[in-house]
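# Tertiary structure, described
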Amino acid sequence: MDDDTQKGLVTDVAIKRKIRNYVGMTRENEMPNRIYMREKAILNRAHAETYASKRIKHVPEKPAPEKDAPSITSWMCQQFYDIRAFGAVMNTEVHAGQVRGPVHFNFSESVEPIQPDEIAITRSSVTNEQDAVKERTMARKLVVPYGLYHCHGYVSANLSGRTGFSQIDLDLLLEALPNMLEHDRMAARAEMNARKLIVFKHGSKFGNAPAQKLQRLIEIGRRIDGDFASLNGRPDSSLPPARRFDDYEIRIDRAGIPVDVELIEIL
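The notes below deal with the structure included here. Residue positions are given per chain, counting from 1 as you read along its sequence in written order. In keeping with the model being predicted, local features are shown solely for residues with a pLDDT of at least 70 and side-chain atom pairs are shown and tallied solely at 80 or more, while totals for entire chains, interfaces and linings include all residues. Hydrogens are left out, water is left out, and the side-chain values use all remaining heavy atoms of the structure.

### What to know about the packing of helix 2 (residues 43–54) against helix 3 (residues 69–79)
Operational definition: For every element, the axis is a line fit to its C-alpha atoms; helices are fit only across the contacting stretch, and the angle between N-to-C directions ranges from 0 to 180 degrees. Labels follow the DSSP assignment, with helices taken as runs of H or I lasting at least four residues and strands as runs of E lasting at least two, numbered in each case from the N terminus. We call two directions roughly parallel when the angle between them is under 35 degrees, roughly antiparallel when it is over 145, roughly perpendicular when it lies between 65 and 115, and oblique otherwise. A clockwise turn of the near helix away from the far one marks a right-handed crossing, whereas an anticlockwise turn of less than a right angle marks a left-handed crossing. Whether two residues touch is decided by their heavy atoms; if any such pair falls within 4.5 Å, the residues are in contact. Charged means Asp, Glu, Lys or Arg here, nonpolar means Ala, Val, Leu, Ile, Met, Phe, Trp, Tyr, Cys or Pro, and polar covers whatever is left, Gly included.
The interhelical angle for the contact between helix 2 and helix 3, taken along N-to-C directions, is 120°, at an axis separation of 10 Å. Here helix 2 lies oblique to helix 3, going by the angle between them. Helix 3 is crossed by helix 2, and the crossing has right-handed handedness. From helix 2, A46, H47, E49, T50, Y51, S53 and K54 reach across to helix 3, where they touch S71, I72, W75 and M76. A class-by-class count of the residues in the contact of helix 2 with helix 3 yields 5 nonpolar, 4 polar and 2 charged.

See below:
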(Lines give C-alpha, C1' and ligand atoms only; values in the text may rest on other atoms or scores of the structure.)
Protein backbone atom coordinates (compact mmCIF):
# COMPACT_ATOMS: atom_id res chain seq x y z
CA MET A 1 0.00 0.00 0.00
CA ASP A 2 0.97 3.62 -0.57
CA ASP A 3 1.18 5.07 2.95
CA ASP A 4 0.00 8.51 1.86
CA THR A 5 -2.98 7.60 -0.36
CA GLN A 6 -3.83 4.16 1.09
CA LYS A 7 -4.05 2.84 -2.44
CA GLY A 8 -3.04 -0.75 -3.12
CA LEU A 9 0.05 -1.56 -5.17
CA VAL A 10 1.20 -4.54 -7.23
CA THR A 11 4.87 -4.44 -8.24
CA ASP A 12 6.12 -4.64 -11.80
CA VAL A 13 8.09 -7.79 -10.98
CA ALA A 14 4.90 -9.52 -9.80
CA ILE A 15 3.26 -8.73 -13.14
CA LYS A 16 6.29 -9.98 -15.09
CA ARG A 17 6.33 -13.15 -12.97
CA LYS A 18 2.78 -13.96 -14.05
CA ILE A 19 3.66 -13.31 -17.71
CA ARG A 20 6.70 -15.59 -17.42
CA ASN A 21 4.58 -18.33 -15.83
CA TYR A 22 1.99 -18.10 -18.59
CA VAL A 23 4.55 -18.21 -21.41
CA GLY A 24 6.45 -21.07 -19.78
CA MET A 25 3.23 -23.04 -19.27
CA THR A 26 1.70 -22.53 -22.72
CA ARG A 27 4.94 -22.80 -24.71
CA GLU A 28 6.32 -25.64 -22.55
CA ASN A 29 9.54 -23.77 -21.86
CA GLU A 30 10.96 -24.61 -25.28
CA MET A 31 13.20 -22.49 -27.50
CA PRO A 32 12.61 -19.71 -28.55
CA ASN A 33 10.24 -19.23 -25.63
CA ARG A 34 12.26 -20.65 -22.77
CA ILE A 35 12.05 -18.73 -19.49
CA TYR A 36 15.34 -17.51 -18.04
CA MET A 37 14.06 -16.35 -14.62
CA ARG A 38 12.04 -19.39 -13.60
CA GLU A 39 11.56 -21.19 -10.31
CA LYS A 40 14.69 -23.02 -9.09
CA ALA A 41 16.65 -21.99 -12.18
CA ILE A 42 20.44 -21.96 -11.96
CA LEU A 43 21.37 -19.06 -14.18
CA ASN A 44 25.00 -19.98 -14.69
CA ARG A 45 23.91 -23.26 -16.31
CA ALA A 46 22.04 -21.31 -18.98
CA HIS A 47 25.09 -19.10 -19.52
CA ALA A 48 27.33 -22.18 -19.82
CA GLU A 49 25.01 -23.54 -22.53
CA THR A 50 25.86 -20.50 -24.61
CA TYR A 51 29.60 -21.07 -24.37
CA ALA A 52 29.15 -24.77 -25.21
CA SER A 53 26.94 -24.04 -28.23
CA LYS A 54 29.46 -21.50 -29.54
CA ARG A 55 32.45 -23.68 -28.61
CA ILE A 56 33.96 -20.81 -26.66
CA LYS A 57 36.24 -21.54 -23.73
CA HIS A 58 35.00 -20.06 -20.48
CA VAL A 59 37.40 -18.57 -17.94
CA PRO A 60 35.71 -18.38 -14.49
CA GLU A 61 34.67 -14.84 -13.45
CA LYS A 62 36.16 -13.36 -16.61
CA PRO A 63 34.11 -11.67 -19.36
CA ALA A 64 33.86 -13.46 -22.68
CA PRO A 65 36.43 -12.50 -25.31
CA GLU A 66 35.44 -9.19 -26.87
CA LYS A 67 34.95 -10.70 -30.31
CA ASP A 68 32.61 -13.42 -28.91
CA ALA A 69 30.59 -11.35 -26.41
CA PRO A 70 27.91 -10.11 -28.88
CA SER A 71 27.17 -13.62 -30.18
CA ILE A 72 26.86 -14.97 -26.62
CA THR A 73 24.34 -12.30 -25.64
CA SER A 74 22.48 -12.75 -28.94
CA TRP A 75 22.20 -16.52 -28.30
CA MET A 76 20.60 -15.83 -24.91
CA CYS A 77 18.08 -13.48 -26.53
CA GLN A 78 17.21 -16.07 -29.17
CA GLN A 79 16.62 -18.77 -26.57
CA PHE A 80 14.74 -16.93 -23.79
CA TYR A 81 11.49 -15.03 -24.20
CA ASP A 82 11.83 -13.02 -21.00
CA ILE A 83 15.31 -11.80 -21.92
CA ARG A 84 14.04 -10.56 -25.30
CA ALA A 85 11.09 -8.88 -23.59
CA PHE A 86 12.31 -7.63 -20.21
CA GLY A 87 16.09 -7.72 -20.56
CA ALA A 88 18.52 -9.22 -18.04
CA VAL A 89 21.80 -8.55 -16.26
CA MET A 90 23.86 -11.70 -16.90
CA ASN A 91 27.21 -10.58 -15.48
CA THR A 92 27.62 -13.52 -13.12
CA GLU A 93 30.56 -15.91 -12.65
CA VAL A 94 29.78 -17.07 -16.20
CA HIS A 95 29.45 -13.79 -18.08
CA ALA A 96 26.77 -13.59 -20.76
CA GLY A 97 26.37 -9.83 -21.11
CA GLN A 98 23.65 -7.36 -20.28
CA VAL A 99 20.41 -6.67 -22.16
CA ARG A 100 17.98 -3.77 -21.85
CA GLY A 101 14.53 -5.08 -22.75
CA PRO A 102 11.83 -3.22 -24.70
CA VAL A 103 8.89 -4.16 -22.42
CA HIS A 104 8.33 -2.24 -19.19
CA PHE A 105 5.53 -1.94 -16.64
CA ASN A 106 4.97 0.49 -13.82
CA PHE A 107 3.49 -0.48 -10.45
CA SER A 108 -0.18 -1.38 -10.72
CA GLU A 109 -2.21 0.89 -8.43
CA SER A 110 -5.78 0.70 -7.18
CA VAL A 111 -7.99 3.54 -8.40
CA GLU A 112 -9.35 4.06 -4.88
CA PRO A 113 -7.97 3.50 -1.37
CA ILE A 114 -8.27 -0.08 -0.14
CA GLN A 115 -8.99 -1.36 3.35
CA PRO A 116 -7.43 -4.80 3.95
CA ASP A 117 -9.31 -7.04 6.39
CA GLU A 118 -7.54 -9.35 8.83
CA ILE A 119 -9.27 -12.72 9.13
CA ALA A 120 -8.58 -15.25 11.88
CA ILE A 121 -8.09 -18.86 10.77
CA THR A 122 -7.54 -22.11 12.67
CA ARG A 123 -5.20 -24.94 11.73
CA SER A 124 -6.31 -28.31 13.09
CA SER A 125 -2.73 -29.65 13.16
CA VAL A 126 0.36 -28.57 15.06
CA THR A 127 3.96 -28.43 13.87
CA ASN A 128 5.97 -30.23 16.53
CA GLU A 129 5.73 -32.48 19.60
CA GLN A 130 5.82 -29.72 22.20
CA ASP A 131 2.71 -28.14 20.64
CA ALA A 132 0.73 -31.41 20.79
CA VAL A 133 -1.24 -30.27 23.86
CA LYS A 134 -2.59 -27.30 21.91
CA GLU A 135 -4.43 -29.57 19.42
CA ARG A 136 -4.73 -26.65 17.02
CA THR A 137 -2.99 -23.36 16.21
CA MET A 138 -4.30 -19.94 15.21
CA ALA A 139 -3.20 -17.71 12.36
CA ARG A 140 -4.35 -14.63 10.48
CA LYS A 141 -4.85 -13.89 6.81
CA LEU A 142 -5.01 -10.49 5.12
CA VAL A 143 -7.57 -10.02 2.35
CA VAL A 144 -8.67 -7.08 0.22
CA PRO A 145 -12.48 -7.23 -0.16
CA TYR A 146 -12.33 -5.53 -3.58
CA GLY A 147 -9.99 -3.31 -5.54
CA LEU A 148 -9.81 -2.18 -9.16
CA TYR A 149 -6.16 -1.79 -10.18
CA HIS A 150 -4.77 -0.15 -13.30
CA CYS A 151 -1.32 -0.55 -14.80
CA HIS A 152 0.56 1.13 -17.65
CA GLY A 153 2.87 -0.88 -19.87
CA TYR A 154 5.25 0.23 -22.60
CA VAL A 155 6.88 -1.47 -25.57
CA SER A 156 9.79 0.30 -27.23
CA ALA A 157 10.02 -0.55 -30.93
CA ASN A 158 13.50 0.95 -30.96
CA LEU A 159 14.78 -1.39 -28.22
CA SER A 160 12.94 -4.34 -29.76
CA GLY A 161 15.42 -4.42 -32.61
CA ARG A 162 18.32 -4.83 -30.19
CA THR A 163 16.93 -7.95 -28.50
CA GLY A 164 15.05 -9.49 -31.43
CA PHE A 165 11.64 -8.92 -29.80
CA SER A 166 9.36 -9.59 -32.77
CA GLN A 167 5.71 -9.14 -33.70
CA ILE A 168 5.20 -12.80 -32.74
CA ASP A 169 6.66 -12.02 -29.30
CA LEU A 170 4.37 -9.00 -28.96
CA ASP A 171 1.35 -11.12 -29.90
CA LEU A 172 2.33 -13.59 -27.18
CA LEU A 173 2.59 -10.76 -24.65
CA LEU A 174 -0.89 -9.53 -25.59
CA GLU A 175 -2.14 -13.10 -25.24
CA ALA A 176 -0.57 -13.48 -21.80
CA LEU A 177 -1.88 -10.25 -20.26
CA PRO A 178 -5.63 -11.11 -20.38
CA ASN A 179 -5.08 -14.78 -19.49
CA MET A 180 -2.22 -14.93 -16.98
CA LEU A 181 -4.43 -14.47 -13.89
CA GLU A 182 -6.61 -17.40 -14.91
CA HIS A 183 -3.72 -19.70 -14.02
CA ASP A 184 -2.53 -17.89 -10.89
CA ARG A 185 -5.33 -18.67 -8.44
CA MET A 186 -4.82 -18.84 -4.71
CA ALA A 187 -7.07 -18.21 -1.74
CA ALA A 188 -5.85 -14.64 -1.16
CA ARG A 189 -6.57 -13.61 -4.78
CA ALA A 190 -8.90 -16.29 -6.10
CA GLU A 191 -11.08 -13.86 -8.04
CA MET A 192 -8.43 -11.65 -9.65
CA ASN A 193 -9.27 -11.08 -13.31
CA ALA A 194 -8.16 -8.86 -16.16
CA ARG A 195 -11.11 -6.67 -17.13
CA LYS A 196 -9.70 -4.30 -19.76
CA LEU A 197 -6.68 -4.30 -22.06
CA ILE A 198 -6.32 -1.16 -24.16
CA VAL A 199 -3.41 -0.79 -26.58
CA PHE A 200 -2.21 2.34 -28.38
CA LYS A 201 -0.38 1.41 -31.59
CA HIS A 202 1.87 4.10 -33.07
CA GLY A 203 2.64 4.56 -36.76
CA SER A 204 6.29 5.39 -36.01
CA LYS A 205 8.77 3.31 -34.03
CA PHE A 206 9.65 6.47 -32.10
CA GLY A 207 6.00 7.16 -31.24
CA ASN A 208 3.43 9.64 -32.51
CA ALA A 209 2.23 11.00 -29.15
CA PRO A 210 3.53 11.15 -25.55
CA ALA A 211 2.38 8.26 -23.36
CA GLN A 212 0.88 10.56 -20.71
CA LYS A 213 -1.32 12.25 -23.33
CA LEU A 214 -2.72 8.91 -24.44
CA GLN A 215 -3.25 7.73 -20.86
CA ARG A 216 -5.40 10.79 -20.14
CA LEU A 217 -7.81 9.66 -22.86
CA ILE A 218 -8.92 6.82 -20.58
CA GLU A 219 -11.12 7.91 -17.68
CA ILE A 220 -12.12 5.66 -14.80
CA GLY A 221 -15.19 6.59 -12.76
CA ARG A 222 -17.73 5.24 -10.31
CA ARG A 223 -21.24 4.44 -11.49
CA ILE A 224 -23.60 5.85 -8.85
CA ASP A 225 -27.37 5.61 -9.50
CA GLY A 226 -26.74 5.79 -13.23
CA ASP A 227 -24.44 8.81 -12.95
CA PHE A 228 -20.69 8.91 -13.69
CA ALA A 229 -18.30 10.19 -11.03
CA SER A 230 -14.76 10.55 -12.38
CA LEU A 231 -11.88 9.19 -10.29
CA ASN A 232 -9.11 10.69 -12.42
CA GLY A 233 -8.67 13.36 -9.77
CA ARG A 234 -8.93 12.76 -6.02
CA PRO A 235 -11.33 9.86 -5.18
CA ASP A 236 -14.51 10.93 -3.39
CA SER A 237 -14.37 9.53 0.16
CA SER A 238 -18.15 9.88 0.49
CA LEU A 239 -18.80 7.18 -2.11
CA PRO A 240 -19.95 3.78 -0.84
CA PRO A 241 -17.36 0.97 -1.02
CA ALA A 242 -17.03 -0.69 -4.43
CA ARG A 243 -17.47 -4.45 -4.37
CA ARG A 244 -17.67 -5.39 -8.07
CA PHE A 245 -16.42 -4.27 -11.46
CA ASP A 246 -19.90 -3.04 -12.40
CA ASP A 247 -19.54 -0.34 -9.74
CA TYR A 248 -17.06 1.30 -12.15
CA GLU A 249 -17.26 2.70 -15.65
CA ILE A 250 -14.36 3.17 -18.06
CA ARG A 251 -14.66 5.83 -20.74
CA ILE A 252 -12.37 6.41 -23.71
CA ASP A 253 -12.09 9.80 -25.45
CA ARG A 254 -11.81 8.44 -28.98
CA ALA A 255 -12.08 11.92 -30.50
CA GLY A 256 -8.82 12.87 -28.81
CA ILE A 257 -6.75 10.07 -30.35
CA PRO A 258 -3.89 11.67 -32.34
CA VAL A 259 -3.27 11.05 -36.01
CA ASP A 260 -1.18 7.92 -36.73
CA VAL A 261 -2.15 6.37 -33.38
CA GLU A 262 -4.55 3.43 -33.40
CA LEU A 263 -6.53 2.37 -30.33
CA ILE A 264 -7.08 -1.38 -29.99
CA GLU A 265 -9.36 -2.85 -27.33
CA ILE A 266 -8.19 -6.43 -26.80
CA LEU A 267 -10.36 -7.00 -23.74
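### Things to note about the environment of E66
We apply this condition: Only protein chains enter the accessibility calculation, which uses a 1.4 Å probe. A residue is then buried if its area is under 20% of the maximum for its type, exposed if over 50%, and partly exposed in between.
Summarising the element assignment, E66 is placed in the loop between helix 2 and helix 3. Take E66: its relative accessible area is 74%, and that puts it in the exposed class. C-alpha separation for the pair E66 and E129, spaced 63 residues apart in sequence, amounts to 60 Å.

### Topic: unusual backbone geometry
Residue P32 is bonded to the preceding M31 through a cis peptide linkage, with omega at 10°. Among the secondary structure elements, P32 is positioned in the loop between helix 1 (12–26) and helix 2. We note that N29 has phi near 50°; this positive angle belongs to a residue other than glycine. Here N29 lies in the loop between helix 1 and helix 2. On the basis of relative accessibility, which here comes to 29%, the residue N29 falls in the partly exposed class.

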